[in-house]
Amino acid sequence: MPLTNELIQQKLIDQFGDQITEWTQPYGMLTFTAPKELNLKVLQFLYDDPELRFQFLTDLQAVHFPDRKGEELMVVYHLHNLTDNIRIRLKIYTDIATPDVYSATALYKSANFMERETYDFFGVNFVGHPNLIRILNVDEMDYFPLRKEFPLEDQSRTDKDDDMFGR
Amino acid sequence: MSEHILLPEGSIEKQTTTLNLGPTHPATHGVFQNILELDGERILKSTSTVGYIHRAFEKLAERRPLYQITPLTDRLNYCSSPINNMGWHITCEKLLGIQLPKRVDYLRIIIMELSRISDHLICNSIVGVDSGAFSGFLYLMQFRELIYEIYEEVCGSRLTTNIGRIGGFERNFTETAFAKLDQFLATYPAQLKEFESMFNRNRIFMERTIGCGPISAEKALNYGFTGPNLRAAGVDYDVRVHTPYSSYEDFEFTIPVGSTGDCYDRFFGAPTGNVAEYQYHRTGL
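Residues numbered from 1 in each chain as written. Chains lettered and ligands numbered in written order. Predicted model: local features only at pLDDT ≥ 70, side-chain atom pairs only at ≥ 80, totals over all residues. Heavy atoms only, no water.

A word on the pairing of strand β4 (residues 73-81) of chain A
All names here are of chain A. Definition in use: When accessible area is computed with a 1.4 Å probe and restricted to protein chains, residues below 20% of their type maximum are described as buried, those above 50% as exposed, and intermediate ones as partly exposed. Strands here mean DSSP runs of E at least two residues long; helices mean DSSP runs of H or I at least four residues long; both are numbered from the N terminus. Between any two strands, pairing holds if DSSP finds at least two bridges.
The element β4 is extensively covered by neighbouring structure, given that 9 of its 9 residues are classed as buried. Here β4 shows a buried face lined by L73, V75, Y77, L79 and N81 and a second buried face lined by M74, V76, H78 and H80. In the sheet, β4 pairs with strand β5 (residues 86-94) via 9 bridges, with the strands oriented antiparallel. When the bridges of β5 are listed, L79 appears paired with I88. Counting the residues that bridge the hairpin from β4 to β5 gives 4 residues, and of these N85 lies at a positive phi of roughly 55°.

What follows is the structure, given as structure tokens:
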């Protein structure tokens, strides 16, 4: 039987019950949310299950939602089953004050650099990462630059009249 | 006393050598540094610094309108910037729900395949330079020049192209662009053959690349390899075949797959001979 989004959803519900929430399928890609303590268990299940076989971690990054109190940071795992060619997305939310998330480096070697990058730009603390230091920014940096607390100037503002730059 | 540089604790007693390799510049952008732990000539351990090369495209993209992001995507890989442009266009079109005419898809495929060729030309001819044969590089670079002239005819620029628009192209391809494309297709295959006969069974090249840096398919997947490097390790996956975009499903082409993942397989995994020619003829543009 070919692997479908519904089958994946059913298998995850059988295994984890109602702990996995927010089932959506934007543009056909199954997306769901797990509690952050369960992220490794879900990833391991998706990896090991003989039918699911999500063994390729395409991408891992974070998103900052300043307005969601208590779950300001979201970590997203993009997984790919190369055999059946199905992609899914796993999201977990974490509090920005204690952004501790279990590291997936034991499961995916590729998570090493991606988690370092996520730490570098969003300050997610991946517990169990072998070498969680900054990767693209200078070591001395003491803030996380891609968080939303650093807004860029609104390009459509009209109150500035600058002859030199034509605004 | 404290003016002297102090050696790290235990450096005298240990049996290995620490060597600082770099910072070098792989293709001049950014720096890449490796601190190696050597036992004679064998590398036991390497600590890599990939370099301070982040240019905050994500941050810029938070504020700017969609069409102002396209020039940024040029810079993601300047050897094949049109593909990056197309990737951005196709993403935006998907988000906006735009349906494109077939002609746009096919014109895009021509541009994308050309840039794929020009990218692989760089990879494969530079391997030649690195293993001591400069002439192969010079043979192929003139064809990159031809490809750049086609870009120039289509969009006005060569390296960072900003080609196309969300929803199509800025204008139709000119007659000159098609003429240059014909010229490219007429001359390139023969030159490529010459390049291949110089390298493929060349004793020096084979000895330097076979068994050099091999990786198993399982390991390559776990490390997140993609594209030609993943195929060189023996994983038969190509996104153009498995998840076709821009009407790739209308075309047939062969994808080389390796077995050991060493440099020699990767050399063949990045095919310099390519599908663009009969795609071009089949579309009958």
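Next comes the rest of the write-up.
Focus on the pattern of salt bridges
A side chain with one charge may pair with a side chain of the opposite charge, provided their charged atoms come close. All names here are of chain B. Condition: Any carboxyl oxygen of Asp or Glu that lies within 4 Å of a side-chain nitrogen of Lys or Arg is treated as forming a salt bridge with it.
By the definition in use, this model includes 19 salt bridges over all chains. A salt bridge links D238 to R231; its shortest N-O distance comes to 3.2 Å. No difference in accessibility class separates D238 from R231, as the two residues are buried. Counted as one network, the salt bridges with shared partners bring together E113, R116, R231, D238 and R240.

Looking at the sheet that holds strand β1 (residues 17-24) of chain B
All names here are of chain B. Spelled out, the test is: All axes are obtained by fitting lines to C-alpha atoms, using only the stretch in contact for helices, and the reported angles, taken between N-to-C directions, cover 0 to 180 degrees.
Judged by pairing direction, the sheet is antiparallel, and its 3 strands sit side by side in the order β1-β2-β3 without closing on themselves. Of all strands in the sheet, those bounded by a partner on one side alone are β1 and β3 (42-49). For this sheet, the mean inter-axis angle between neighbouring strands, taken without regard to orientation, is 20°.

Focus on the environment of P99(A)
All names here are of chain A. Filter applied, for reference: Any two residues whose heavy atoms approach within 4.5 Å are treated as being in contact.
Inspection of the secondary structure puts P99 in the loop between β5 and β6 (100-102). Note: C-alpha distance between P99 and N125 (26 residues apart in sequence) is 5.5 Å. Not counting chain neighbours up to four residues away, the residues in contact with P99 comprise L73, T94, G123, V124 and N125.

Here's the deal with the layout of surface pockets
Formally: Any residue with an atom within 4 Å of a point lines the site, the site being either a cavity, points on a 1 Å grid over the protein atoms alone where a 1.4 Å probe fits but cannot get out, or a pocket, an open set with protein on both sides within 12 Å along at least 5 of 7 lines. Grid points are joined across faces, edges and corners, and a volume is the space filled by probe spheres set on the points. All amino acids are sorted into three groups, where Ala, Val, Leu, Ile, Met, Phe, Trp, Tyr, Cys and Pro are nonpolar, Asp, Glu, Lys and Arg are charged, and the leftover types, Gly among them, are polar.
Each pocket or cavity is described by its volume, and for the second largest pocket that value is around 1000 Å³. Surrounding the second largest pocket, 21 residues form its lining, F113(A), I135(A), F32(B), V50(B) and Y223(B) being those nearest its centre. Ranked by the residues each element gives to the lining of the second largest pocket, the list is headed by helix α3 (residues 111-122) of chain A, at 4 residues. Taken together, the residues of the lining of the second largest pocket sort by class into 12 nonpolar, 5 polar and 4 charged.

Section: the domain arrangement of chain B
Just so we agree on the cut-off: Note that the domain bounds were set by an automatic or database domain assignment.
Examined at the domain level, chain B breaks down into domain 1 (2-49), domain 2 (55-199) and domain 3 (200-285). If you average the C-alpha positions of domain 2 of chain B and of domain 3 of chain B, the two centres end up 18 Å apart.

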